[in-house]
Amino acid sequence: MKTYKGIDLLDKILEFVEMTPDEKEWNYKSLNSNKPRQLRLQQISSLLKAFSIVDNKKNILEKASNYFNPDLTSEVKSILNGDFIKNRKVEEFNELIDFAKQFLQKKNYSSNTPIRLDELCFIYPRMIEYKMRLQDIIGFNSGWSEASSTFSIFHIQLTNTISSNLVNKYDDLDHVIELFINPQKLLFTEKELIDKFNFPTEDLHQIDRSNY
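Residues numbered from 1 in each chain as written. Predicted model: local features only at pLDDT ≥ 70, side-chain atom pairs only at ≥ 80, totals over all residues. Heavy atoms only, no water.

Across its full length, the protein chain carries 10 helices and 2 strands. Its helices and strands in sequence order give the protein chain the pattern β-α-α-α-α-α-α-α-α-β-α-α, from N to C terminus. In the protein chain, buried positions account for 36% of the 212 residues. A sequence separation of at least 24 residues applies to 78% of the contacts in the protein chain between residues at least 6 apart. (Helix = DSSP H or I, 4+ residues; strand = E, 2+ residues; numbered from the N terminus. Buried < 20%, exposed > 50% of the residue type's maximum accessible area, 1.4 Å probe, protein only. Contact = heavy atoms within 4.5 Å.)

Mapped onto the secondary structure, arginine 88 falls in the loop between helix 4 (73-81) and helix 5 (94-106). Here arginine 88 sits buried without a salt bridge, and the closest side chain of opposite charge, glutamate 92, lies 4.4 Å off (N-O distance). At 2.9 Å, the side chain of arginine 88 and the backbone oxygen of phenylalanine 180 are in polar contact. Ignoring any residue separated from it by four or fewer positions in sequence, one finds arginine 88 in contact with Phe51, Ile53, Phe93, Leu117, Phe180, Ile181, Asn182 and Pro183. (Lys, Arg positive; Asp, Glu negative; His and termini not counted. Salt bridge = Lys/Arg side-chain N within 4 Å of Asp/Glu carboxyl O. Polar contact = N/O pair within 3.5 Å; in protein donor to acceptor, adjacent residues only side chain to side chain.)

Angle between the axes and distance between the axes are the two parameters that describe a pair of packed helices. At a minimum axis distance of 7 Å, the contact between helix 4 and helix 6 (residues 117-138) shows a crossing angle of 95°. Accordingly, the angle class assigned to the pair helix 4 and helix 6 is roughly perpendicular. Where helix 4 approaches helix 6, its residues Ile79, Leu80 and Asn81 are matched on the opposing element by Cys121, Tyr124, Pro125 and Ile128. Broken down by class, the residue content of the contact of helix 4 with helix 6 amounts to 6 nonpolar, 1 polar and no charged. (Axes fitted to C-alpha atoms, helices over the stretch in contact; angles between N-to-C directions. Parallel < 35°, antiparallel > 145°, perpendicular 65-115°, else oblique. Nonpolar A, V, L, I, M, F, W, Y, C, P; charged D, E, K, R; others polar.)

Our next topic: the environment of phenylalanine 103. Structurally, the position occupied by phenylalanine 103 is in helix 5. We classify phenylalanine 103 as partly exposed; its relative accessible area is 36%. As for phenylalanine 103 and aspartate 172, which are separated by 69 residues in sequence, their C-alpha atoms are 9.6 Å apart.

A few words on the packing of helix 5 against helix 8 (residues 171-181). Where helix 5 contacts helix 8, the axes come no closer than 9 Å and their chain directions differ by 150°. Here helix 5 lies roughly antiparallel to helix 8, going by the angle between them. Judged by residue contacts, Glu95, Leu96, Phe99 and Phe103 of helix 5 engage Asp172, His175, Val176, Leu179 and Phe180 from helix 8. Class assignment for the residues of the contact of helix 5 with helix 8 results in 6 nonpolar, 1 polar and 2 charged.

Summed over all chains, the structure comprises 12 salt bridges. Among the ionic pairs, lysine 77 bridges to glutamate 23, the shortest N-O distance being 2.9 Å. Highlighted residues: lysine 77 in helix 4 and glutamate 23 in the loop between helix 1 (6-19) and helix 2 (35-50), separated in sequence by 54 residues. Close ionic contact of arginine 116 with aspartate 118 constitutes a salt bridge, the shortest N to O distance being 3.1 Å. Arginine 116 sits in the partly exposed class, given a relative accessible area of 48%.

Taking 1.5 Å of rise per residue, the 13 residues of helix 5 would be expected to cover 18 Å, and the 19 Å separating its terminal C-alpha atoms lies within 8% of that figure. Residue asparagine 108 follows helix 5 closely and has a positive phi angle near 60°. (Expected span 1.5 Å × (residues − 1).)

In structure tokens, the structure reads:
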């Protein structure tokens, strides 16, 4: 059975944002006519709750008015820009900080300067941007349905040769992002998400095929 970590939340958000670049549509009502994207937003909503990143400080009346049309704009932005980090204590990121220091020691760099929360807030969105650019490069040729001319094929083969060197080469980056989003290292099965956090039960792959 599939299990979900913090990095899965980010990956789903990146996929959703790429499919839905207009943030005015980051609510259920706007996606009523697009089941694949609406289902992805529902999955994101469940994972935000599971990893305790949903903004619980929102006005009660605002929550009530959005009950049937949840708007996840602020929560999605928070994952992308790191605002959620501001609501945590730097001590929660001790494992992340230790990993960074050990990594630097291997590069013959050491520092005893204390790590501050604002430093983590500053660097996190840059790591997210880097991951997004990596994905863009790796998937650069995914838009080609077919190619017949010599130089089209040459272009694809040349760029794929370069991009292939990046595939599965950024495990450390994903590990660091995981420790940012999920410092408690929580892990949920799909059944747990369904039972506790209203994770949708529909088969996303089937929904995608039906709406292709």
